[in-house]
Amino acid sequence: MLGITLLCVGKLKEKYYAEALAEYQKRLSAFCRFSVTELPEQRLNDSPGPRETAIALDREAKELEKHIPAGAVVCAFCVEGKQKSSEELAEQLCQWSGSGKSRICFLIGGSCGLSERIKARADLLLSVSRMTFPHHLFRIMAAEQLYRAFTIIEGMKYHK
């Protein structure tokens, strides 16, 4: 069974976000070994300069790198990534799985995004929109899209 890890910078504090994510974790368990790992977000003052932001992103990158499963395909969510439809995401999962990959790791940065080093390390940069979303909400959106992709692969009625 395919293993999918969602590596996230920042902790979910709001109960409603945690409950929504738990629901998709439950649904995804029918299709894959799905896990979510939360890593601490670096604290910055209200108006950090470019240098402070870069240092924080570098520290977060080091933590992300420690938690990427060995041999995993790495997909980083970022605004400059390639946009794919739900069907194209399902096709991408099938391609990775069909090429013998058994682990896929999706990365979600914190409020400042992801470091350039992490983006360079990724096998795919993926964007769902040019709009900006709260990184905590996006975690649920990513889990929902993964669930939708699996229902497409399985020919289920969830996706319309």
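Note that the coordinates shown come from a computational prediction; the quantities given were computed from them, not determined experimentally. (Residues numbered from 1 in each chain as written. Predicted model: local features only at pLDDT ≥ 70, side-chain atom pairs only at ≥ 80, totals over all residues. Heavy atoms only, no water.)

Novice: Is there a simple way to think about the sheet that holds strand β4 (residues 103–108) in this case?
Specialist: Strand-to-strand pairing in sheets goes through backbone hydrogen bonds, with the strands running parallel or antiparallel. Pairing is parallel across the open sheet formed by five strands, whose spatial order is β2-β1-β4-β3-β5. Edge positions in the sheet fall to β2 (33–39) and β5 (124–127), since each of these pairs with one other strand and no more. Between one strand axis and the next, the sheet turns by 30 degrees as a mean value, whatever way the strands run. (Pairing = 2+ DSSP bridges. Helix = DSSP H or I, 4+ residues; strand = E, 2+ residues; numbered from the N terminus. Axes fitted to C-alpha atoms, helices over the stretch in contact; angles between N-to-C directions.)

Novice: Which parts of the structure should I look at to understand the confidence of the model for the protein chain?
Specialist: Confidence along the protein chain averages 94 in pLDDT terms, with 99% of residues attaining 70 or more. Within the protein chain, no element has a lower average pLDDT than helix α2 (residues 50–67), which sits at 94, and none a higher one than β4, at 98. (pLDDT = per-residue confidence, 0-100.)

Novice: Would you mind going over the environment of A90 with me for this structure?
Specialist: Within the secondary structure, A90 sits in helix α3 (residues 86–98). A residue is classified by how much of its surface remains accessible, and A90, at 4% relative accessible area, is buried. (Buried < 20%, exposed > 50% of the residue type's maximum accessible area, 1.4 Å probe, protein only.)

Novice: Sorry if this is basic, but what is going on with the environment of F150 here?
Specialist: Of note, F150 is situated in helix α5 (residues 135–153). F150 gets classed as buried once you look at its relative accessible area, which sits at 6%. If we ignore the near neighbours within four places in the chain, the residues touching F150 are L2, I4, L28, F31, C32 and L93. (Contact = heavy atoms within 4.5 Å.)

Novice: Is there a simple way to explain α2 in this structure?
Specialist: Since there are 3.6 residues in each turn of an α-helix, residues three or four apart along the chain are aligned in direction. With 18 residues, α2 extends 26 Å between its outermost C-alpha atoms, agreeing within 8% with the 26 Å of an ideal straight helix rising 1.5 Å per residue. If you check which residues of α2 are buried, you get T53, A56, L57, E60, A61 and L64. End-on view of α2: buried residues confined to an arc of 145 degrees, all on one side of the axis. With respect to the buried face of α2, the exposed residues turned more than 90 degrees away are R51 and K66. (Expected span 1.5 Å × (residues − 1). Arc of directions from axis to C-beta.)

Novice: Help me understand the packing of aromatic side chains, please; the structure alone is not making it clear to me.
Specialist: In this description, a pair of aromatic rings is defined by centroid distance and the angle of the planes. Under the defined criterion, the tally for this structure stands at eight aromatic pairs. Ring geometry for F31 versus F150: centroids 5.6 Å apart, planes at 5 degrees, classification stacked. Taken together, the positions of F31 in the loop between α1 (15–28) and β2 and F150 in helix α5 put the pair 119 residues apart, joining distant regions of the chain. Each member of the pair, F31 as well as F150, carries the same accessibility label: buried. Positioned above the aromatic ring of Y147 is the side chain of R27, whose terminal nitrogen or guanidinium carbon lies 5.3 Å from the ring centre. (Phe/Tyr/Trp six-rings, centres within 6.5 Å; stacked < 30°, edge-to-face > 60°. Lys NZ or Arg CZ within 6 Å of the ring centre and 35° of its normal.)

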